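Examination of the molecular architecture
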Amino acid sequence: MKKFNTAGPCIAGRHYMADITRQLKEIYAMIAEGCYFTICRARQYGKTTMLAALAKELSEKYCVISLDFQKFSQDCFADERSFCRAFAQEICEEADRLPLHVIQEDALQILDALKEDDGLNLHSLFQGLRQFCEQSIRQVVLIADEADSASNNQVFLDFLAQLRSCYLDRELKNRASFQSVILAGLYDVRNVKRKIRLDEEHKVNSPWNIAADFETDMSLSKDGIFGMLLDYESDYHTGMDVYQMSALLYDYTSGYPVLVSRLCRLMDEKISRMEPYLSKKEAWTPAGFQDAVRLLLAEKNPLFDSMTGKLSEYPQLEEMLRSLLFSGKSIVYNPDDEAADMALMFGFVKVSGGHLVTSNRIFETRLYNRFLAESEMQSSVIYKTALQDKNQFLENGRLNMEKVLERFVEVFDELYGSEGEKFYEEDGRRFFLLFLRPVINGTGNYYIESRTRNLERTDVIVDYRGEQFIIELKIWRGSAYHEKGERQLAEYLSHYHLKKGYLLSFNFNKNKTAGVKRVQIGEKMLVEAVV
C-alpha cells in the first residue's frame, strides 16, 4: 500500500503524490527551447522528485544524463584534474545505463576515452563532451542535482565558465553542445558568493550568467493536494471531506511539498492511533488536522533543523525575521538586501505585492515559538504567571478566552502599564503571545492572520480542541477608530462563521479605563479588553 513520503524523492506507485504535470510541461518547454537554467528552491521542496519525473519524461525524446554532485567527495575538488576525472567517471556510469537505441557505441567510446585520460583537464573534458553531443543519436540534456554543494570550490566556478562557453559556441558558432543544462540546488549558482569560504579569495559572481530565468511554481496547488487525497481516499475510504481537508493543508503550508506530506503522514499514521481518534475516519477531520499541526510544530526534523541552523549562521537574517513578525512593519522586498534575499532563498518568506511575508503558517508559528522561547528567559514573569494560572482558563476541557484576556489585562498593567506607545510597537504583540503560549501549549495552536497583519492591527487565530477564537490586537487611536475596528471584527467573524470575537486594545492614555467588557454588534458578541 502507498504511503505519504517525507524522506527522499517520491516514487509513483509507492508514494501518494500530487499531480505535477503542469510543472513538467513548463520545464519541458524550456528544454525544447535549448535553455540552460537553475532550479533553486528551499530544502525539501521537491526538487529531486521533480528532476526524477522530468528525466523520465525527457527520456522519450532526449539522451538524458543525470548527475548528483553530492556523490563527489571533497577530494574531487582538490584540483582541476581530480574534478575532471570524477566528472568523467560519473557521466560514463550514467551513459552506460542508457539503452542502445538512445546512445550509440561511438558516443560511449568518446566518454570512455575521457575517463582513461590521465592528463584530463577542463579544456579537454569539454572537447570530449562536445564530441559526445555531436555523435549522440539524440540531443543531450544534462541534469545536475545538488549543484550548490560544489559551489564552494574555485574549480567548480571554472567548470561553469566552460558550460557558458558551450552555450555561447552553440549559439554563435553553431557547434555541437548540450541541448539543455539544468543545475538544481538551494543556492542559485549564478550568484554563489554566500557559499564561498570567507577566509579565501574567490570570485563572487558566477560565470554562468547565461542561465535563463526559472519561474515555474513548484509548490503544490489546492487541486494537486485534492487529487492526492482522492487517491488516498480510494484506498482507505475514510469518508473525509476531501475538499475541506485539501483547503486546510494548503492554508497552513501554502503548498510547501514536505509540509503537506508530513501533515498527511501524521494524520494517517499517528493521529489515527491516538485518543480520542483511534481510526483513520476520525483522524481525517479538522480536529485531527489541528492535532497533526500541533505534533508537527513540536517535532525535530531536518527541515526545522535547517531553519534553526540558518538563523544561527546568519544573525542579520534572524533580526529581519524577528522584525517582520513582531514589529508589524511592512518590509519592502529589495533584492540587494542580503538578509531579505537569504530569507527568500531559504524559503522562509515569499514576496506578495512587493512586500515580504512569511511563506506559510507552519514556518511562521515555528519562528514565533523560537523567538518567544528566547523571550521567556528575558520576560519570565509574564510567561510564568500564565503557566501558573493555566488551569483557571479551562472549563471542562474548553478554553475560556474571556478569562485569558481578563488576567492578561491585570498582569500587563501591573508590569508594563507605565510604558509608552513605542513599547507596544516593539513588544506588545510579543507579550500577548508570550502570555497565550503556555495556556494553549500542548493542546492548541495559534497563527497570525496575514491579511490583517500591520502596525495597527493584528488578528491572532487560536484553535483549541476543535474550537476557534479570533483575537484582534490593536493600538487605541480614539473612539471613532475603535468603533470602526469593532465593525471590522464583526464582519471578519462572519468569514469564519463565528458569533463571538475578542478585541485587545493597547491604550496608553493616562485617563483610560482598563478592563474587559462585552459589546453587541448586530448578531456578533465582542469581548473587548483594554490595557
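Just so we're clear, the structure is a prediction, and the values are computed from it rather than from any experiment.

Below, the discussion takes up the overall build of the protein chain. Secondary structure summary: the protein chain contains 19 helices and 14 strands in total. Considering only C-alpha atoms, the protein chain reaches an extent of 85 × 55 × 35 Å along its principal axes. In the protein chain, the proportion of contacts linking residues at least 24 apart, taken out of those at least 6 apart, comes to 70%. Looking at the protein chain as shown, the accessible area adds up to about 24000 Å², and 46% of this sits on carbon and sulfur atoms.

What follows concerns the packing of helix H5 (residues 122-135) against helix H6 (residues 154-172). Running from amino to carboxyl end, H5 crosses H6 at an angle of 40 degrees, the nearest separation of the two axes being 11 Å. Like other packed secondary-structure pairs, H5 and H6 cross with a definite hand, here right-handed. Residues Leu122, Phe126 and Arg130 of H5 touch H6, and the partners they reach there are Val155, Asp158, Phe159, Gln162, Leu163, Ser165, Cys166 and Asp169. By residue class, the composition of the contact of H5 with H6 is 6 nonpolar, 2 polar and 3 charged.

The next point concerns the nonpolar core. Ranked by size, the top nonpolar core spans 128 residues in total, and within it Leu229, Trp284, Leu317, Leu321, Leu399, Leu433 and Val462 carry the most contacts. Once residues lying within four places of it in the same chain are set aside, the contact partners of leucine 229 are Phe4, Met240, Val242, Met245, Ser246, Leu249, Cys264 and Trp284. Core analysis: the second largest hydrophobic core is formed by 50 residues, Ile65, Leu125, Ala150 and Leu183 among them.

Enumeration according to the criterion identifies 24 salt bridges in this entry. Two residues, lysine 280 and aspartate 268, come together in a salt bridge whose shortest N-O distance is 2.5 Å. Taken together, the residues lysine 280 in helix H10 (residues 280-283) and aspartate 268 in helix H9 (residues 257-269) connect sequence positions 12 residues apart. A relative accessible area of 24% means that lysine 280 is categorised as partly exposed. Here glutamate 467 and arginine 398 are joined by a salt bridge, their closest N and O atoms 2.8 Å apart. Residue glutamate 467 is located in strand S11 (residues 467-475), and its partner arginine 398 is located in strand S8 (residues 398-399); the two are separated by 69 residues in the primary sequence. In this structure glutamate 467 comes out as partly exposed when scored by relative accessible area, which is 25%. Judged by its relative accessible area of 52%, arginine 398 falls in the exposed class. Each of Arg130, Asp169, Lys173 and Arg175 takes part in one network of salt bridges that share partners.

With that settled, consider H9. End to end, H9 covers 18 Å across 13 residues, agreeing with the expected 18 Å (1.5 Å per residue, within 8%). H9 sits mainly inside the fold: 11 of its 13 residues count as buried. Every buried residue of H9 is accounted for by Pro257, Val258, Leu259, Val260, Ser261, Arg262, Leu263, Cys264, Leu266, Met267 and Asp268.

Before going further, it helps to spend a moment on unusual backbone geometry. In this chain, glutamate 275 is followed by proline 276 through a cis amide linkage whose omega measures 0 degrees. Tracing the sequence through the fold places proline 276 in the loop between H9 and H10. The phi angle at histidine 497 is positive, at roughly 60 degrees, despite the residue not being glycine. If you trace the backbone, histidine 497 turns up in the loop between helix H19 (479-495) and strand S12 (500-506).

Before going further, it helps to spend a moment on the confidence of the model for the protein chain. When pLDDT is averaged along the protein chain, the result is 86; 91% of the residues meet or exceed 70. Across residues 193-204 the pLDDT falls below 50, and counting only partners more than four positions away or on other chains, this stretch makes 26 contacts in the model.

Here the focus is the pairing of strand S14 (residues 524-530). Among the 7 residues of S14, 6 are classified as buried, and the element is accordingly described as predominantly covered. Note: S12 against S14, 6 bridges, orientation parallel. Its bridge partner lying in S14, serine 505 is registered against valine 530. Strand direction decides the pairing type here: strand S13 (residues 515-521) and S14, joined by 7 bridges, are antiparallel. Residue pairing across strands places isoleucine 521 opposite lysine 524, the latter belonging to S14. Linkage of S13 to S14, two consecutive antiparallel strands, is achieved through a turn of 2 residues, within which glycine 522 is found at a positive phi near 60 degrees.

Moving on, we get to the pairing of S11. Burial of S11 is extensive: 7 of the 9 residues sit out of reach of the surface. You can see the chain leave S11, run along H19 and come back into S12, and the turn it takes is right-handed.

Rules of the game
- Residues numbered from 1 in each chain as written.
- Predicted model: local features only at pLDDT ≥ 70, side-chain atom pairs only at ≥ 80, totals over all residues.
- Heavy atoms only, no water.
- Helix = DSSP H or I, 4+ residues; strand = E, 2+ residues; numbered from the N terminus.
- Contact = heavy atoms within 4.5 Å.
- Areas by Shrake-Rupley, 256 points an atom, 1.4 Å probe, with all protein chains shown as cover.
- Axes fitted to C-alpha atoms, helices over the stretch in contact; angles between N-to-C directions.
- Left-handed = near helix turned anticlockwise from the far one by under 90°.
- Nonpolar A, V, L, I, M, F, W, Y, C, P; charged D, E, K, R; others polar.
- Core = buried A, V, L, I, M, F, W, Y, C linked by side-chain atoms within 4.5 Å.
- Buried < 20%, exposed > 50% of the residue type's maximum accessible area, 1.4 Å probe, protein only.
- Salt bridge = Lys/Arg side-chain N within 4 Å of Asp/Glu carboxyl O.
- Expected span 1.5 Å × (residues − 1).
- pLDDT = per-residue confidence, 0-100.
- Pairing = 2+ DSSP bridges.
- Right-handed = clockwise from strand over helix to strand, strands pointing away.

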